[in-house]
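# Structural characterization, general
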Amino acid sequence: MAANKSILFLPGDGIGPEAMTQVRRVIEWMGRERSVSFDLDEDLVGGAAIDAHGVPLADATMEKALNVDAVLLGAVGGPKWDDLPFEKKPERGLLRLRKEMELYANLRPALCFEALVSASSLKPEIVSGLDIMIVRELTGGVYFGEPRGIEELPDGQRRGINTQVYTTNEIRRVGDVAFDLARKRSGHVTSSEKANVMESGVLWRQEITKLHQEKHSDIKLDHMYADNAGMQLVRNPKQFDVIVTDNLFGDMLSDVAAMLTGSLGMLPSASLGDVDANGRRKALYEPVHGSAPDIAGQDKANPLATLLSYAMALRYTFDLAEEADLVEQAVQNVLDSGIRTPDIMAEGTKAVSTSAMGDAVLAELDRLN
Ligand code: NAI
Ligand code: MG
């Protein structure tokens, strides 16, 4: 494989390409000013791919995604493709990527920028300086477990069934991701389940404990019941570094954590899979938000969620912590100076366009470097 660092851009639809244009500028800056260069490739996904090839993700694009270090995706979907049958919708492109790359660990950081503390639903002192990461198991658990369905009972009632299922392998591989991440952060993992009432939770706790002893004893590990974790996230979120949990609890806890920091336009994410023979962990980075058709094409989108997704790639795929810090610091300083896209406006701040936000980040990078 190529020894260079490789990234595949999939800008997608709506505001995806607009945000991605600003990220590209930062990547070019990295090459120029920090000698951090990437082999860049770009392809189509979602509605853009449907328009060009009739499918939301071409086989050739899938092949490329499987052979790069990191995929950086914008967003997919929009009203133009809403009437297509489910199997042909833009969103299927993203689902195919996640499935064929086997991305079983979904990472959602909650990083609180000082200037946006007032956008949080919590008191400033509770969220100020917050930097935590939720690792949600994404391909197992109750959303996929068998048996499932709705059945008729002899007495005329109906019964709905879903089953929480986890194997030791599924638990261990997501546990590995969480411990590896913690090693690049503050070295603390909290594993969360309901071992008090669920056998799958008992197994989860046993396997995480074993894995910790075998491979990750340098990391501090605690266990916390998931209901308590929900409570602690709004009471004292700064006690956490990495939280690792199952698909269902992770779905809820990551949405709670997201609201600690405010706006959709600021939230990055990553999905990680297995380490391959070249020692490379499959990785897809993308903002949490969608294609925002209501503001697409108006130069209004907040590009920071996508830019922060790239910063996550720097930190977790490329081991470039300094560069990741630099990008996050530049974002922080730009926000501090009162420059905002419309979605994060507050009193006394100045609304700027997507491209002007990109300009501001680049100017700040120049100043910091
Ligand atoms: P959305 O996230 O696209 O938009 C929700 C609201 O937040 C809109 O008012 C939008 O203008 C605003 N918003 C989102 N991101 C923003 C940003 N970066 N800057 C400023 N404002 C922003 O969710 P919605 O409206 O439910 O879905 C729109 C389309 O996106 C649909 O086709 C949906 O299927 C797709 N979608 C795609 C996702 C993905 O690609 N991962 C995730 C969620 C939705
Ligand atoms: Mg959710």
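Residues numbered from 1 in each chain as written. Chains lettered and ligands numbered in written order. Predicted model: local features only at pLDDT ≥ 70, side-chain atom pairs only at ≥ 80, totals over all residues.

Identification of the chain as 3-isopropylmalate dehydrogenase from Fodinicurvata halophila is taken from an unreviewed UniProt entry. In its Function (unreviewed entry) section, the UniProt record describing the chain reads: "Catalyzes the oxidation of 3-carboxy-2-hydroxy-4-methylpentanoate (3-isopropylmalate) to 3-carboxy-4-methyl-2-oxopentanoate. The product decarboxylates to 4-methyl-2 oxopentanoate." Reading the Subunit (unreviewed entry) entry of the UniProt record for the chain gives the comment "Homodimer." (UniProt positions renumbered as here; feature names shortened; annotations may be inferred.)

### A short note on the packing of helix α8 (residues 226-235) against helix α9 (residues 247-260)
Interaxial distance between α8 and α9 falls to 10 Å at its minimum, and their mutual angle equals 5°. With respect to α9, the element α8 is oriented roughly parallel. Of the residues in α9, those in contact with Ala226, Ala229, Gly230, Leu233 and Val234 of α8 are Phe249, Met252, Leu253, Val256 and Ala257. Looking at side-chain class alone, the contact of α8 with α9 contains nine nonpolar, one polar and no charged residues. (Axes fitted to C-alpha atoms, helices over the stretch in contact; angles between N-to-C directions. Helix = DSSP H or I, 4+ residues; strand = E, 2+ residues; numbered from the N terminus. Parallel < 35°, antiparallel > 145°, perpendicular 65-115°, else oblique. Contact = placed C-beta atoms within 7 Å. Nonpolar A, V, L, I, M, F, W, Y, C, P; charged D, E, K, R; others polar.)

### Overview of the sheet that holds strand β5 (residues 131-137)
On the basis of which strands lie adjacent, the open sheet formed by ten strands has the order β2-β1-β3-β12-β11-β4-β5-β10-β8-β9 and mixed pairing. Whereas interior strands pair on both sides, the edge strands pair on one side only; in this sheet they are β2 (38-42) and β9 (220-225). Looking at each pair of strands side by side, their axes are set apart by 20° on average, direction ignored. In terms of strand pairing, strand β1 (residues 5-12) meets strand β3 (residues 70-75) through five bridges, oriented parallel. By the bridge assignment for β3, isoleucine 7 is matched with alanine 70. (Pairing = 2+ DSSP bridges.)

### Quick word on the pairing of β9
Inspection of the sheet shows strand β8 (residues 188-193) paired to β9 by six bridges, in the parallel sense. When the sheet's bridge partners are listed, glutamate 193 is paired in β9 with tyrosine 225. Remark: the β8/helix α7 (residues 199-215)/β9 crossover connection has right-handed handedness. (Right-handed = clockwise from strand over helix to strand, strands pointing away.)

### Describing the domain arrangement of the chain
Parsing the chain into structural domains produces domain 1 (1-113 + 263-369) and domain 2 (131-260). Of note, the centres of domain 1 and domain 2, computed from C-alpha atoms alone, are 26 Å apart. Contact with domain 1, which involves 18 residues of that partner, is made by 19 residues of domain 2. Looking at the side of domain 1 that touches domain 2, the elements with two or more residues in it are β4 (105-111), β11 (268-275) and α10 (304-316). Here the side of domain 1 that touches domain 2 gets seven residues from one element, more than from any other, and that element is β4. Among the residues forming the side of domain 1 that touches domain 2, the class breakdown is 13 nonpolar, two polar and three charged. (Domains from an automatic or database assignment.)

### So, the pairing of β4
When a strand is regular, its side chains alternate between the sheet's two faces. Among the seven residues that make up β4, seven are buried, leaving the element largely enclosed by the rest of the structure. In terms of strand pairing, β4 meets β5 through seven bridges, oriented antiparallel. If you follow asparagine 106 over to β5, its bridge partner there is arginine 136. With three bridges connecting them, β4 and β11 associate as antiparallel partners. Within β11, the residue paired with alanine 105 across the bridge is leucine 272. (Buried ≥ 20, exposed ≤ 12 C-beta atoms within 10 Å, placed from the backbone.)

### A look at the UniProt feature "site: Important for catalysis" (unreviewed entry) in the chain
With numbering matched to this structure, UniProt assigns "site: Important for catalysis" (unreviewed entry) to Tyr143 and Lys194. The contact partners of tyrosine 143, leaving out residues within four places of it in the chain, are Asn247 and Leu248. The residue lysine 194 is located in the loop between β8 and α7 in this model. We classify lysine 194 as partly exposed; it has 19 C-beta atoms within 10 Å.

### Regarding helix α1 (residues 16-34)
Relative to the 27 Å expected for 19 residues at 1.5 Å per residue, α1 spans 26 Å between its end C-alpha atoms, a close match to the ideal helical length. Every buried residue belonging to α1 is among Gly16, Pro17, Glu18, Ala19, Met20, Gln22, Val23, Val26, Ile27 and Met30, and all of these are buried. The first or second residue beyond α1 is serine 35, which carries a positive phi of 55°. (Expected span 1.5 Å × (residues − 1).)

### Details of the packing of helix α11 (residues 321-336) against helix α12 (residues 354-368)
Remark: α11 packs on α12, axes separated minimally by 9 Å, with the N-to-C direction vectors making an angle of 115°. Here α11 runs over α12; the crossing is right-handed. Residues Leu326, Gln329, Ala330, Val331, Asn333 and Val334 of α11 form the contact with α12, whose own contacting residues are Ala360, Val361, Glu364, Leu365 and Leu368. Taken together, the residues that form the contact of α11 with α12 break down as eight nonpolar, two polar and one charged. (Left-handed = near helix turned anticlockwise from the far one by under 90°.)

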